[in-house]
Amino acid sequence: MEHIWKALIAMGYLFTVTWITAFVMVIVHDRVPDMKKYPPLPDIFLDNVPYIPWAFHMCELTGTVLCFVWLAVLVFHKHRFILLRRFFALSGTVFLLRCITMIITSLSVPGIHLECTPRQKPAYLDDGNFLGEMVYKMQQAYVIWRGAGMSIQGVRTCGDYMFSGHTVALTMLNFFITEYTPRDIYLLHTFSWLLNMFGIFFILSGHEHYSIDVFIAFYITSRLFLYYHTLANNQALSNNVDSCRTRIWFPLFSFFESSCSCMVPNEYESLTEIAENLACSTYNNYLVIKSAIKTQILLLRALPSNQTVQIGPTSLVDARAIRSRTPIVLIKKKDK
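Residues numbered from 1 in each chain as written. Predicted model: local features only at pLDDT ≥ 70, side-chain atom pairs only at ≥ 80, totals over all residues. Heavy atoms only, no water.

Undergrad: What should I look at first to understand unusual backbone geometry in this one?
TA: The phi angle of most residues is negative, glycine excepted, and most peptide bonds adopt the trans form. With an omega of 0 degrees, the peptide bond between methionine 162 and phenylalanine 163 qualifies as cis. Structurally, the position occupied by phenylalanine 163 is in the loop between α5 (130–146) and α6 (165–179). Backbone geometry places alanine 148, a non-glycine residue, at a positive phi of 55 degrees. Its place among the elements puts alanine 148 in the loop between α5 and α6. For histidine 207, which is not a glycine, the phi torsion comes out positive at approximately 55 degrees. Residue position: histidine 207 is located in the loop between α7 (186–205) and α8 (211–233). (Helix = DSSP H or I, 4+ residues; strand = E, 2+ residues; numbered from the N terminus.)

Undergrad: Which parts of the structure should I look at to understand helix α11 (residues 271–302)?
TA: The periodicity of an α-helix, 3.6 residues per turn, causes residues three or four positions apart to be oriented the same way. With 32 residues, α11 should reach 46 Å at 1.5 Å per residue; the first-to-last C-alpha distance of 47 Å fits that figure. Those residues of α11 that fall on the buried side of the exposure criterion are Cys280, Asn284, Leu287, Val288, Thr295 and Gln296. (Expected span 1.5 Å × (residues − 1). Buried < 20%, exposed > 50% of the residue type's maximum accessible area, 1.4 Å probe, protein only.)

Undergrad: Is there a simple way to think about the side chain of arginine 80 in this case?
TA: In this structure, arginine 80 sits in helix α4 (residues 80–104). At a separation of 3.0 Å, a polar atom in the side chain of arginine 80 contacts the main-chain carbonyl oxygen of histidine 77. Apart from residues lying up to four places away in sequence, arginine 80 is in contact with Leu74, Val75, Glu269 and Ile274. (Polar contact = N/O pair within 3.5 Å; in protein donor to acceptor, adjacent residues only side chain to side chain. Contact = heavy atoms within 4.5 Å.)

Undergrad: Help me understand the state of the cysteines, please; the structure alone is not making it clear to me.
TA: A covalent bond between the sulfur atoms of two cysteines is what we call a disulfide. Under the criterion given, the structure shown has one disulfide. The residue that forms a disulfide with cysteine 116 is cysteine 158, at a sulfur-sulfur distance of 1.9 Å. Classification of the bridge connecting cysteine 116 and cysteine 158 rests on its S-S torsion, roughly -70 degrees, and on that basis the disulfide is left-handed. One end of the pair, cysteine 116, is in the loop between α4 and α5; the other, cysteine 158, is in the loop between α5 and α6, and 42 residues separate them in sequence. For cysteine 116, a relative accessible area of 5% translates into the label buried. (Disulfide = S-S within 2.5 Å.)

Undergrad: Explanation requested: the pattern of salt bridges in the structure shown.
TA: Oppositely charged side chains may form a pair once their charged atoms are brought near each other. Tallied over the entire structure, the rule returns eight salt bridges. Here glutamate 269 and arginine 80 are joined by a salt bridge, their closest N and O atoms 3.0 Å apart. Highlighted residues: glutamate 269 in the loop between α10 (251–256) and α11 and arginine 80 in helix α4, separated in sequence by 189 residues. With a relative accessible area of 10%, glutamate 269 lands in the buried category. For arginine 80, a relative accessible area of 18% puts it in the buried group. As a salt-bridge pair, glutamate 257 and arginine 85 come within 3.3 Å of each other at their nearest N and O atoms. Of this pair, glutamate 257 sits in the loop between α10 and α11 while arginine 85 sits in helix α4; the two residues are 172 residues apart in sequence, bridging distant segments of the chain. The same class applies to glutamate 257 as to arginine 85, namely buried. Through salt bridges with shared partners, a single network forms among Arg85, Arg86 and Glu257. (Salt bridge = Lys/Arg side-chain N within 4 Å of Asp/Glu carboxyl O.)

Undergrad: When you look at the nonpolar core in this model, what are you seeing that I'm missing?
TA: Generally speaking, soluble globular proteins have nonpolar side chains that are buried together. Core analysis: the biggest nonpolar cluster contains 52 residues, and Trp70, Leu83, Phe87, Cys116, Tyr161 and Phe176 have the highest contact counts within it. Mapped by element, the contributors of at least two residues to this core are α1 (2–30), α3 (55–76), α4, α6, α7, α8 and α10. Those residues in contact with leucine 83 that sit more than four places away from it in its chain are Trp70, Val73, Leu74, His77, Phe176, Tyr180 and Val264. (Core = buried A, V, L, I, M, F, W, Y, C linked by side-chain atoms within 4.5 Å.)

Undergrad: Before we go on, may I ask you to explain the environment of histidine 77 in this structure?
TA: Within the element layout of this structure, histidine 77 appears in the loop between α3 and α4. Looking at histidine 77, the relative accessible area reads 0%, which means it is buried. Considered as a pair, histidine 77 and asparagine 266 are 189 residues apart in the sequence and their alpha carbons are 7.0 Å apart. Apart from residues no more than four positions distant in its own chain, histidine 77 is found in contact with Leu83, Tyr180, Val264, Pro265, Asn266, Glu267 and Tyr268. From its side chain, histidine 77 meets the backbone nitrogen of histidine 79 in a polar contact 3.1 Å long.

Undergrad: What should I look at first to understand the UniProt feature "transmembrane region" (unreviewed entry) in the protein in this one?
TA: According to UniProt, the feature "transmembrane region" (unreviewed entry) maps to residues 7–28, 51–75, 87–109, 161–178, 185–204 and 210–228 in the numbering used here. End C-alpha atoms of residues 7–28 are separated by 31 Å, and the span's content is 100% helix alongside 0% strand. (UniProt positions renumbered as here; feature names shortened; annotations may be inferred.)

Shown next as structure tokens:
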């Protein structure tokens, strides 16, 4: 149960960061440098590779394929909630860093084919209507957030160059797929890496980002993934000084990984096992709730008839005590 609510907290963290990212993308779009005054910067790759119109769409299609592969891994992995928690936490942190780099410096538009101009504000928004302008920007941010920032969803933004969010998504999915699948599935790992590399190539071929945007995105995402998992897999070897330092510099990691001290084994479940575990869990929760209701009814009946009682959270019997007294009827037999 602990892994489930921590995964929900991590999901809320990523949800908040994606909203912040969408709002920052609206701001940087309106700050994009004038294309006539500030031409594209010199770039080794963009200057030598011709523009391919369909390349950026292909990049997003490769990311979609990787996403479906990752969802399949989550469905069958025995420790799926730990994987989800780590994916949400790492993705949220990288995109939060991206918000800072986007808003600090505005780079010129990398491709002359791009039509990047500040959005025209509605006529009802005058210079002094701060609240109305914020509402308008939130509406634009919702359009970006709803489409996940993807051009195949009709989202078109400019100014969000340093660093590439598409590269972050491709790299994060690739690393999680290769980390949480068996090492002997070479074809899957090779396929994942090829999609990652081809996706990066398509980003640059579409002239949607500078080469430095893609390189920094790949480096930050891969290093953060490796540092996080190195710390998580070796917590049992750390001393008090290391633990204190980790709590100070990586509070999010200390919270999410407090119950994990070793590597997460790549154990998988069949559809039958998933259904059995779900049925057992549902029935056991039903027994706990039923026992709690019976206990409250007995407590109410034990009170004198002329005495009233207000039932609140403090009067409920502790769920752990109830669980310890409740027999678990469905017990999954281990395979010999």
